[in-house]
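# Remarks on the overall topology
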Amino acid sequence: MSKILPDQEPLITYTHKMRSRYSETDRMGYVYHGHYLAYFEAARTEFIRETGYPYFALEEAGIMLPVLNAELQYMKPVKYDEVMKINVHVYSWPKVRFNTYYEIYNDADEGPFVTGKVELCFVDSVKRRPRKAPQNFLDDFKKYVHEHT
């Protein structure tokens, strides 16, 4: 099992589906390892959009959300043209840091193929300094969690 995921129930899990594309695979027909972070980002972006306060709203409010750290653990390869279910888990409320965790399964619920963690930080885009998550974001996030758990 994954050494990356916490041994507790998440606050919320969001699932994003996408299909692996030919251009993302190697000669063996497996998704090249470097693409999994992009898959995590696609799922995280859709998750944040679903909460009601999408990335572009953060940027318009002068807030960036850069990646501080990323970890991946590969268990088995995703193949070309496979539908992936990318689970985004959040285990703690965002503060200055926002930790997101991932599991990739296929449509038949086989897996996990890959697990991961991406640590993000709320940053003031003018001062370029870490800051607390904006209250509007937290309010929307908490409302989404309460409506979906």
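Summarised in this report is the structure supplied together with it.

Quick notes on the rules
Residues numbered from 1 in each chain as written. Predicted model: local features only at pLDDT ≥ 70, side-chain atom pairs only at ≥ 80, totals over all residues. Heavy atoms only, no water. Buried < 20%, exposed > 50% of the residue type's maximum accessible area, 1.4 Å probe, protein only. Helix = DSSP H or I, 4+ residues; strand = E, 2+ residues; numbered from the N terminus. Pairing = 2+ DSSP bridges. Expected span 1.5 Å × (residues − 1). Arc of directions from axis to C-beta. Polar contact = N/O pair within 3.5 Å; in protein donor to acceptor, adjacent residues only side chain to side chain. Contact = heavy atoms within 4.5 Å. Core = buried A, V, L, I, M, F, W, Y, C linked by side-chain atoms within 4.5 Å.

### Brief notes about the pairing of strand S6 (residues 114–121)
The buried fraction of S6 is high, at eight of eight residues. Across the two faces of S6 the burial is the same, with Val114, Gly116, Val118 and Leu120 and Thr115, Lys117, Glu119 and Cys121 all buried. In terms of strand pairing, strand S3 (residues 67–74) meets S6 through seven bridges, oriented antiparallel. Residue Val67 lies in a different strand from S6, and its bridge partner there is Leu120. Pairing of strand S5 (residues 97–106) with S6, which is carried by eight bridges, proceeds in the antiparallel orientation. Across the sheet, the residue bridging to Phe98 is Leu120, located in S6.

### A word on helix H1 (residues 36–51)
Side chains three or four residues apart in an α-helix point the same way, a direct result of the helix having 3.6 residues per turn. The end-to-end C-alpha distance of H1, which contains 16 residues, comes to 23 Å, matching closely the 22 Å that a straight helix rising 1.5 Å per residue would cover. When we look at burial in H1, the residues that qualify are Tyr36, Tyr39, Phe40, Ala43, Arg44, Phe47, Ile48 and Thr51. Seen from one end, H1 has its buried residues packed into an arc of 165 degrees, which puts them on one side. Positive phi shows up at Gly52, right after H1, with a value of about 105 degrees.

### Some remarks on the side chain of Ser20
Looking at where Ser20 falls in the secondary structure, it is placed in the loop between strand S1 (12–19) and H1. Of the polar contacts made by the side chain of Ser20, one reaches the backbone nitrogen of Asp81; its length is 2.9 Å. Not counting residues up to four positions away in its chain, the partners in contact with Ser20 are Val31, Tyr39, Val78, Lys79, Tyr80, Asp81, Glu82 and Met84.

### A closer look at the environment of Phe137
Within the secondary structure, Phe137 sits in helix H3 (residues 135–147). As a C-alpha pair, Phe137 and Ile48 span 89 residues in sequence and 9.3 Å in three-dimensional space. In this view, Phe137 contacts Ile48, Tyr53, Leu58, Pro94, Phe98 and Phe122; residues no more than four positions away in its chain are not counted.

### What to know about the nonpolar core
If you look at the biggest cluster of nonpolar residues, it comprises 35 residues, and the most contacted ones within it are Phe47, Ile86, Phe98, Ile104 and Phe137. Among the elements that make up this core, the one with the highest residue count is H1 (six residues). For Ile104, the contacting residues outside a window of four places in its chain are Tyr36, Tyr39, Phe40, Val78, Met84, Lys85, Ile86, Pro112, Phe113 and Val114.

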